[in-house]
Amino acid sequence: MAGATKAIWLTDPLVGDRFAAVTALAPGKGYGGGRRTVDLTLIPTAQGMAVETGADDLRIEAAGDLVTLSRPRGLTLSAPSAGLETGDHAADAPKRAAYPAMIDEAWAATGEAGFSDRYRRLQDAAGLETIAAADDPRAPIEARMALARFLVGSGLNYEAIGVLNALIAKAPNLQGEPEVRGLRGVARVGVGRLEEAQVDFAGAALANDPATKVWQGYIASEQGDWEGARRSFAAGASVIDDFPPAWRARFGAAHALAAIETGDLAAAQQLLAYSFSQKAPATDQLTARLVQARLFDLQGDKNRALAVYKAVARAPLDGIATPAKLGAIGLEMDKGALSPDQAAQQLEQLKWRWRGDGTELAVIRKLADIYLKQGRYREALDALRGAGKRLSGIPGATEIQADQSNAFRALFLEGAADGLQPVQALALFYDFRELTPIGADGDEMVRRLSRRLIDVDLLDQAAELLQHQVDERLDGVAKAQVATNLATVYLMDRQPEKALQAIWGSRTTLLPAAMNSERRALEARALMDLGRFDHALEVLDRDQSNPAREVRADIFWKQQKWAEAAPIYEARLGDRYKTAGTALTPGEESWLIRAGVGYSLAGDRAGLQRLSGRYGPFVAGARAAAAIRGALDDNLSGVAGTGDFANLSSQADTFVGWVNSAKQAFRKEADAKAAT
């Protein structure tokens with residue numbers, strides 16, 4: 001070793017294997033070969049040295065070009081499997097299979113004495129071997145391995161896992177023994193612990209075992225990794241015929257399903273034929289029939305697929321009958337034999353029949369899809385949410401989460417909830433608000449819903465939604481924009497203090513000029529509502545935008561500065577007098593009345609006559625015709641006094657006009673978002 005420096009220890013968090021990396025200086029030099037002993041494994045490297053060990057007391061010392069490996073009681077330089085052949089055990093005990101992860105059909109043989117006698121004899125031998133081993137990690141293990149083989153071959157996988165775990169606990173170095181890891185992985189697959197089995201099969205000791213590839217293909221198929229399943233099955237194809245018939249049938253059906261999901265229907269048909277050719281138990285044959293029905297469906301033979309589904313659905317095995325019933329319901333809906341309501345009723349019953357795996361998820365997804373198409377959004381989201389919480393760790397759970405997110409997005413971002421009453425939409429949003437996506441889409445959902453609430457004067461609820469966005473989700477320009485909308489809502493709800501807090505709490509630099517102008521006008525309006533007229537005018541300063549001019553006119557009106565207010569109200573009308581054929585809006589009528597009253601109270605006969613001449617033609621078609629007629633009357637002596645003008649101008653509440661224009665602005669914003 002060229003200048004070895006030190007050993008760095010690492011531990012695999014999944015299986016507890018310990019590794020040491022011995023670093024080395026240039027020139028580069030590594031360990032090209034590989035060597036395995038009871039105590040350690042030397043892993044090939046390009047630079048330095050890598051050591052895998054199950055022993056806790058292995059010492060590694062690096063000194064110059066020498067790396068010394070040692071244990072207090074010395075190293076055993078034989079392979080871990082050497083002890084497998086040294087035990088004294090019965091001649092008829094189950095022997096090792098040709099491959100570490102293989103199941104030998106002979107393992108389950110019980111002889112003339114029967115299962116109990118064979119089990120007892122193997123168990124007694126394993127017990128005696130355990131006692132003899134005591135604390136010696138190098139003691140023979142063949143009797144215990146023989147018992148584990150018998151248990152795996154007999155389908156007693158929980159018991160097999162217990163035997164193998166106890167064996168590893170006595171001698172941790174056996175985690176590197178291929179058959180120990182392979183047998184435990186097989187047993188874990190047998191009890192459905194697929195993730196744990198993956199850890200066993202991923203060990204370096206099984207890297208070149210074709211039987212392990214078969215199991216990895218089966219696991220991948222169970223987990224919905226169809227491409228991975230096909231690759232692994234192909235890598236282990238040479239040994240599949242060496243498995244017992246039941247497993248050959250299972251592997252064939254699993255591989256066929258993977259072929260279907262990857263679009264290779266011809267291969268799926270051949271694999272199913274292989275599966276049916278095995279003398280497998282009825283359960284495995286029915287499982288293959290389910291896959292066959294799926295194949296018929298994709299090939300366009302709907303009637304044949306439906307017949308197979310219905311036949312399998314009559315089986316007294318809920319784990320097989322439930323997916324068959326689900327397939328039958330789907331085909332009958334497509335044919336029109338079942339209405340959506342009838343299908344939903346059957347699926348509601350079906351989802352309680354088999355629970356806890358991908359079949360339940362498939363039932364719930366189908367049920368939720370029917371509910372969504374019927375507009376029964378709450379039922380759909382309730383079904384999806386219930387499944388997502390309980391079954392988050394199994395294959396298909398990510399699709400459930402995606403279905404929930406897509407449904408929520410369709411409701412509150414794509415307009416599906418527009419058909420609901422605003423109160424119903426709000427309740428639905430609050431009940432499932434955890435589905436609100438992070439980022440711009442989630443913020444747009446909230447703004448869309450708040451606009452609907454504003455439109456029907458549910459201002460408190462709209463403000464609550466917007467306030468949460470301002471406080472928790474946004475910053476910078478986006479926060480300022482939403483805070484501007486929030487201030488508008490507070491002013492509409494006659495809460496000027498909160499409007500000021502929204503504006504002041506979201507100040508930032510480099511805002512667009514139009515937004516700055518809008519925010520100044522809102523701040524000034526809030527100050528006006530609080531009676532702080534001079535401060536409001538200071539905020540407006542020289543801003544001549546339409547919102548600023550409107551607020552400035554209202555401030556002058558409240559200060560009874562009629563000569564200053566009236567021209568601004570007239571200016572807000574612009575050239576509206578040129579389109580006499582179109583009736584004035586409520587806001588325009590308010591400006592006209594206040595302009596006329598202002599000119600009258602200011603004694604400005606010329607202004608009043610000009611206003612009357614321009615807008616007299618609008619009186620007949622106006623909503624407040626009498627008020628406008630009185631406001632435009634240039635016979636000042638005919639008006640009794642200021643009190644009469646006050647009664648007249650009370651019919652021209654500019655606040656109501658401002659609220660209506662604010663609502664219209666929110667609608668235009670929503671329409672613009674929808675168009676994009």
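In what follows, the structure referred to is the one given above.
Residues numbered from 1 in each chain as written. Predicted model: local features only at pLDDT ≥ 70, side-chain atom pairs only at ≥ 80, totals over all residues. Heavy atoms only, no water.

**Here we look at the overall build of the protein**
Right, so step 1: Along its length, the protein carries 30 helices and seven strands.
Right, so step 2: Taken over 676 residues, the protein has a buried fraction of 46%.
Right, so step 3: A total accessible area of about 31,700 Å² is found for the protein, and carbon and sulfur atoms account for 51% of it. (Helix = DSSP H or I, 4+ residues; strand = E, 2+ residues; numbered from the N terminus. Buried < 20%, exposed > 50% of the residue type's maximum accessible area, 1.4 Å probe, protein only. Areas by Shrake-Rupley, 256 points an atom, 1.4 Å probe, with all protein chains shown as cover.)

**What about the side chain of Thr436?**
Right, so step 1: Mapping Thr436 onto the fold places it in the loop between helix 17 (422-431) and helix 18 (440-455).
Right, so step 2: Residue classification places Thr436 among the buried positions, given a relative accessible area of 15%.
Right, so step 3: A distance of 2.8 Å separates a polar side-chain atom of Thr436 from the backbone oxygen of Arg433.
Right, so step 4: Not counting the four nearest positions on each side in its chain, Thr436 is found in contact with Phe408, Phe429, Gly442 and Arg473. (Polar contact = N/O pair within 3.5 Å; in protein donor to acceptor, adjacent residues only side chain to side chain. Contact = heavy atoms within 4.5 Å.)

**A few points about the pattern of salt bridges**
Oppositely charged side chains are able to pair whenever their charged atoms sit close together.
Right, so step 1: This model, assessed by the stated rule, comprises 42 salt bridges.
Right, so step 2: Glu142 is the salt-bridge partner of Arg149, the closest N and O atoms lying 2.8 Å from each other.
Right, so step 3: Under the relative-accessibility criterion, Arg149 is labelled buried at 0%.
Right, so step 4: Notably, a salt bridge pairs Arg614 with Glu570, separated by 3.6 Å at the nearest N-O pair. (Salt bridge = Lys/Arg side-chain N within 4 Å of Asp/Glu carboxyl O.)

**Some details on the environment of Leu25**
Right, so step 1: Tracing the backbone through its elements, the reader meets Leu25 in the loop between strand 2 (18-24) and strand 3 (35-36).
Right, so step 2: Here the alpha-carbon distance between Leu25 and Asp65, two residues 40 residues apart in the chain, equals 9.9 Å.

**A short note on unusual backbone geometry**
Right, so step 1: With a phi close to 60°, Leu510 is a non-glycine residue in the positive phi region.
Right, so step 2: Residues other than glycine seldom take positive phi values, yet Gln560 does so here, at roughly 60°.
Right, so step 3: Of note, Gln560 is situated in the loop between helix 24 (546-558) and helix 25 (562-573).

**Focus on the environment of Leu257**
Right, so step 1: Following the sequence through the fold, Leu257 ends up in helix 8 (residues 245-261).
Right, so step 2: Along the primary structure Leu257 and Val291 are separated by 34 residues, whereas in three dimensions their C-alpha atoms are 6.1 Å apart.
Right, so step 3: Those residues in contact with Leu257, other than ones at most four positions away along the chain, are Trp226, Val291 and Arg294.

**Digging into helix 18**
Right, so step 1: Taking 1.5 Å per residue as the helical rise, helix 18 with its 16 residues ought to reach 22 Å, and the 23 Å between its terminal C-alpha atoms agrees with that figure.
Right, so step 2: Of all the residues in helix 18, the buried ones are Gly442, Asp443, Glu444, Met445, Val446, Arg447, Leu449, Ser450, Arg451, Leu453 and Ile454.
Right, so step 3: Residue Asp457 follows helix 18 closely and has a positive phi angle near 65°. (Expected span 1.5 Å × (residues − 1).)

**Digging into the pairing of strand 2**
Right, so step 1: Of the two faces of strand 2, only one is covered, namely that formed by Arg18, Ala20, Val22 and Ala24; the face formed by Phe19, Ala21 and Thr23 stays uncovered.
Right, so step 2: As defined by bridge partners, strand 2 adjoins strand 5 (residues 49-53) across five bridges and the pair is classed as antiparallel. Paired with Ala21 across the two strands is Ala50, which belongs to strand 5. (Pairing = 2+ DSSP bridges.)

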